[in-house]
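One letter stands for each residue in the lines below.
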Amino acid sequence: MELRFWGVRGSIPTPGPHTTKVGGNTTCLSLELDGYIFVFDSGTGIRRLGRYLEDAERSSWRGSLFLTHYHWDHIQGLPFFEPALRSENRFLICGERKRGASIEEILSEQMQAPYFPVSLEALEGLVTFAELSDRLEIELLPGTTLRTIRLNHPNGALGYRLDTLQGSLCLITDHEHPAESLSKTVVDFARGVTVLVHDAQYTPEEKRGPKAGWGHSSWEEAALTASEAGVNILYLTHHDPDRSDDELDNIIYQAREVFPRTEIATESSVFDFDGFVEEPKEIKI
């Protein structure tokens, strides 16, 4: 079972010389389990995931795509997800109903004239749309359970926890903790997971100052959440578009003072659950 990161940037794609090491694509990660692929968010990174799946020696894929919310940086890559264009693939796409609109209706809006030349109907590999809600718990595969949590973000967002027989993953992105404390519900939701992937868009100074109320966490809050929840590994993600590789390199050392088993999520990050050990060797970005 492998966790891979395809996009780790927040707000807007940021290609350029200052992001070559960490990456400039917006949020997308995947977890492959027994030939089934779980995908979380469809930012521009999902295009890279699509190429990876197309290059694999398989005639078809089955999987589920879980959307945290519908802000552009989390859905803008979906029209470029090549496996969705092939009818032999079977992907379930899941998310919340918003303002009376279904997932299908919401996603169709970005794939119509004059914004885009191809309609959502062309994505024949997206075969089912399922509406999710807060505090949901469903068994997706034998021994594999998905849970949801409400996050604090403008227009609302969902966090996800996937528990399997091989390990567990918790994704908390686009969430703002209270000013002087952590969200107890989030800490409890992430408790004991193998891997916590947590929003770390801001520095503590930014979060307390001009970015307060913007719906994101600081790297410090992410590290404190990991520590209080007793997780095994923390990946900081949803990096600010203005954050350079060098700045993120500095953040990782500060974050490890709070929670030693912290990593920066990059577009080359891979976590192998099968090869997991309690004290992984330090990996510099």
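Residues numbered from 1 in each chain as written. Predicted model: local features only at pLDDT ≥ 70, side-chain atom pairs only at ≥ 80, totals over all residues. Heavy atoms only, no water.

A.B. asks: Quick question: what am I supposed to make of the environment of Phe271 here?
C.D. replies: Position of Phe271 relative to the elements: it lies in strand β14 (residues 270-272). Look at Phe271 and you get buried, because its relative accessible area is 8%. Not counting chain neighbours up to four residues away, the residues in contact with Phe271 comprise Met1, Glu2, Leu3, Thr194, Val195, Ile233, Tyr235 and Phe276. (Helix = DSSP H or I, 4+ residues; strand = E, 2+ residues; numbered from the N terminus. Buried < 20%, exposed > 50% of the residue type's maximum accessible area, 1.4 Å probe, protein only. Contact = heavy atoms within 4.5 Å.)

A.B. asks: How should I be thinking about a negative patch on the surface in this particular structure?
C.D. replies: Together, Glu104, Glu105, Glu109 and Glu121 make up a negatively charged patch on the protein surface. Examined against the element boundaries, Glu105 turns out to sit in helix α3 (residues 103-109). (Patch = residues over 30% accessible without salt bridge, like charges linked within 9 Å, V, L, I, M, F, W, Y side chains within 5 Å. Areas by Shrake-Rupley, 256 points an atom, 1.4 Å probe, with all protein chains shown as cover. Salt bridge = Lys/Arg side-chain N within 4 Å of Asp/Glu carboxyl O. Lys, Arg positive; Asp, Glu negative; His and termini not counted. Charge placed at Lys NZ, Arg CZ, Asp CG, Glu CD.)

A.B. asks: Whenever I open this one, the sheet that holds strand β11 (residues 195-199) confuses me. Can you help?
C.D. replies: Two strands in a sheet stick together by hydrogen bonds in their backbones, pointing the same way (parallel) or opposite ways (antiparallel). The strand order β7-β8-β9-β10-β11-β12-β13 describes an open sheet built from 7 strands, whose pairing is mixed. Bordering the open sheet on either side are β7 (137-141) and β13 (262-264), each of which pairs with just one other strand. Direction aside, neighbouring strands of the sheet carry axes that sit 20 degrees apart on average. Both strand β8 (residues 144-151) and strand β9 (residues 157-163) contribute to a ladder of 7 bridges, which runs antiparallel. Counterpart to Ile149 in the pairing with β9 is Gly159. Contacts from helix α7 (residues 245-258) reach β12 (233-237) and β13, with the element oriented near 170 degrees to β13. (Pairing = 2+ DSSP bridges. Axes fitted to C-alpha atoms, helices over the stretch in contact; angles between N-to-C directions.)

A.B. asks: Would you take a moment to explain the sheet that holds strand β5 (residues 90-95) for this structure?
C.D. replies: Pairing is mixed across the open sheet formed by 7 strands, whose spatial order is β6-β5-β4-β3-β2-β1-β14. The sheet is open, and its two borders are formed by β6 (126-131) and β14, each paired with just one other strand. With direction set aside, neighbouring strand axes in the sheet form an average angle of 20 degrees. Direction of pairing for strand β3 (residues 36-40) relative to strand β4 (residues 62-66): parallel, over a ladder of 5 bridges. Across the sheet, residue Ile37 finds its bridge partner in β4, namely Gly63. Across the sheet, helix α1 (residues 46-55) lies against β1 (2-7), β2 (28-33), β3, β4 and β5, angled at about 130 degrees from β1, the strand it touches most.

A.B. asks: Please explain the pattern of salt bridges as it appears in this structure.
C.D. replies: Any two side chains of opposite charge can pair if their charged atoms end up close together. Under the defined criterion, the tally for this structure stands at 18 salt bridges. Across the salt bridge formed by Lys184 and Asp188, the nearest N and O atoms sit 2.7 Å from each other. Taken together, the positions of Lys184 and Asp188, both in helix α4 (residues 184-190) and 4 residues apart, correspond to about one turn of that helix. With relative accessibility at 34%, the residue Asp188 sits in the partly exposed group. One network of salt bridges, with partners in common, ties together Glu54, Arg86 and Glu88.

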